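# Summary of the model geometry
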Amino acid sequence: MSASANVTETIESHVTFDSIFLSYGTRDVFRDLACEMLARRVTVLMGASGAGKSTLLRMIGGLQRPDRGHISVAGQALQELDEPGLAKVRKRLGMLFQNGALLDSMTIFDNVALPLREHSSLTEAEIATAVRERLDAVGLEGVENLLPGELSGGMLRRAALARAIVEDPEILLCDEPFSGLDPPNVERIEALLTRLNRERGLTVIVTSHHMASSLRMGHRLVLLRNNTAISGTPEELATSDDSEIRDFLGADGVAYLKTLSSGGTSE
Amino acid sequence: MANPISEVGRQTLEMLSSFGRVTLFASDVARNLFRPPVRFGRTLEAIYDLGVLSVVLIATSGFAVGAVLGLQGYTTLVRFGAEESLGAVVGLSLIRELGPVLTGLLVTGRAGSSVAAEIGTMVATEQLDGLRMMSVNPVHFVALPKALAMTLVMPLLSAIFTVCAIFGGYVVGVELLGLDGGTYLASLETSVDFREDVVGSILKAVIFGALVGIISTYRGYSSEPNAAGVSRATTSTVVIASVTILFSDYFITALWGV
């Protein structure tokens, strides 16, 4: 069954961008950008390289601020928050960085345990149980004592995912989770993200160039182009008359989305 | 072509703004010193990396510097028939100036550059952003333990340098050139004042350690997130920290007479 078939438009918004402006020198990145990401749904940010997908994701985490505009994350207006205020919001977020961003001087176990050691009063035994559970959830066993540099790209990404979900966040941000991975690892990560969304009710926001996975996973697609965003369900984008959207999705993408919207399966 | 005067103005403003940023960073590090949790394990790790792994370099360099001082000092003093003062010349110049200054420069080259490169690489690979996203303050978790460790190890390394250098001077002056060992040590003992010279030397080394610690962590922390940025951070750490040590040495000596 298509992921998008479950979407209802009455679902509350978890992340909202309103009138966002951002420029680097003379180059505009966003001009009056507005979009929203729904709670407990998978939103895929798509767009050409340099369109600002990762920047938008970093803005949700408060790692980057817009020149102007309003960002609301789980009801909190980020522009009003200082660094300690942002730290509180970030406790509700998990982020999977493109290259994992695991601390390379620490073992995988210590990396995944770090957020719990920093923020919880759990004993070491309880932390060990939680870490093993998350590593099991992402299909990693026997890597606890390895350093990040000793893992393959796919394993590294899964270890980083385990760290991102170890504190049970409400929103999971994933920056290019499929880039540089072989097809089996792409499928594995995609399945993991889909399962986290379905089983734990996580709001998942993904940036991706990987068209097939994006279309399979996304309840909602946000296409960044011309410094602004167009968003809609996959069905809405598939039937759009906008030639730029169709060009971006490509003939295969449009055909695939039409299959979904006509009740076909995603497999 | 840019107006030379406006170019000077631009460079001056840039320098002042850099100084302001370093000062803000240093005050942030200092504030974090009093915030829990205590990063005992990470500080200990940094002490090992920055201090213990520098001991061999510091000891051998110290011995070599002391040997040269002994040789130069002896050949100069013997012209005035004052070779029995070799211990005092070697000891005072090492304890008051060369010990802390040369240790500061050597530690900057070995450990300061590696701190800047390590933190710069963490910036380039988004590890610091990863910490922020886990609501972990990167200054508290990464910069503070390294800056603190640098401040703590510098006086110890300076002491090791000075002792090895005095030994180097002894080997050359006494064993090779035939000066009496008792004369060398007696001259050293009578000329060195613990409070004036030794405590002053430790104070200098602590200040140099804090300066190198702040400069190296700041340069890494503020580096551009790419390979060129890491390279620039490493190079500028060595240059800026070395010049800062030499200038601050003058001001400490001039103002406090140490």
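Before reading further, recall that the structure is shown in the block above.
Analysis parameters
- Residues numbered from 1 in each chain as written.
- Chains lettered and ligands numbered in written order.
- Predicted model: local features only at pLDDT ≥ 70, side-chain atom pairs only at ≥ 80, totals over all residues.
- Heavy atoms only, no water.
- Helix = DSSP H or I, 4+ residues; strand = E, 2+ residues; numbered from the N terminus.
- Buried < 20%, exposed > 50% of the residue type's maximum accessible area, 1.4 Å probe, protein only.
- Contact = heavy atoms within 4.5 Å.
- Core = buried A, V, L, I, M, F, W, Y, C linked by side-chain atoms within 4.5 Å.
- Pairing = 2+ DSSP bridges.
- Axes fitted to C-alpha atoms, helices over the stretch in contact; angles between N-to-C directions.
- Expected span 1.5 Å × (residues − 1).
- Polar contact = N/O pair within 3.5 Å; in protein donor to acceptor, adjacent residues only side chain to side chain.

### Remarks on the overall build of chain B
For chain B, the helix and strand inventory stands at nine helices and zero strands. Tracing chain B from N to C terminus, the helices and strands come up as α-α-α-α-α-α-α-α-α. For the C-alpha atoms alone, the extent of chain B along its principal axes is close to 65 × 50 × 30 Å. Each of the 258 residues in chain B was classed as buried or not, and the buried ones make up 45%. Here the contacts in chain B between residues at least 6 apart in sequence split such that 84% fall between residues at least 24 apart.

### Notes on the nonpolar core
All names here are of chain A. Core analysis: the biggest nonpolar cluster contains 49 residues, and I108, L161, L172, L193 and L249 have the highest contact counts within it. For this core, the leading source of residues is helix α5 (residues 153–165), giving seven residues. Among residues more than four places away in sequence, those in contact with L193 are L161, L172, C174, P177, F178, V204, V206 and M217.

### Quick word on the sheet that holds strand β10 (residues 228–232) of chain A
Residue and element names in this part refer to chain A. Taken in spatial order, the six strands line up as β6-β7-β8-β3-β9-β10 in an open sheet, and their pairing is mixed. The two strands at the open ends of the sheet, each matched to only one other strand, are β6 (93–96) and β10. The mean inter-strand angle of the sheet, taken between neighbouring strand axes irrespective of direction, is 15°. Here five bridges tie strand β3 (residues 42–47) to strand β9 (residues 220–225), and the two strands are oriented parallel to one another. Residue pairing across strands places M46 opposite L223, the latter belonging to β9.

### A word on helix α6 (residues 138–176) of chain B
All names here are of chain B. A rise of 1.5 Å per residue sets the reference length of α6, with its 39 residues, at 57 Å; its end C-alpha atoms lie 53 Å apart and thus fit the reference within 8%. Where burial is concerned, most of α6 is hidden: 28 out of the 39 residues are buried. Its side-chain oxygen placed 2.9 Å from the backbone nitrogen of V139, N137 serves as the N-cap of α6. The positive-phi residue at the C-terminal boundary of α6 is G178, with phi of around 90°.

### Quick notes on the pairing of strand β4 (residues 68–73) of chain A
Residues and elements named next belong to chain A. Looking at chain direction, strand β1 (residues 13–24) and β4 are connected through five bridges and run antiparallel. In the strand pairing of β4, F21 is matched with R68. Looking at chain direction, β4 and strand β5 (residues 76–77) are connected through two bridges and run antiparallel. The residue of β5 that forms the bridge with V73 is Q76. Connecting β4 to the next strand, β5, in antiparallel fashion are two residues, including A74 with a positive phi near 50°.

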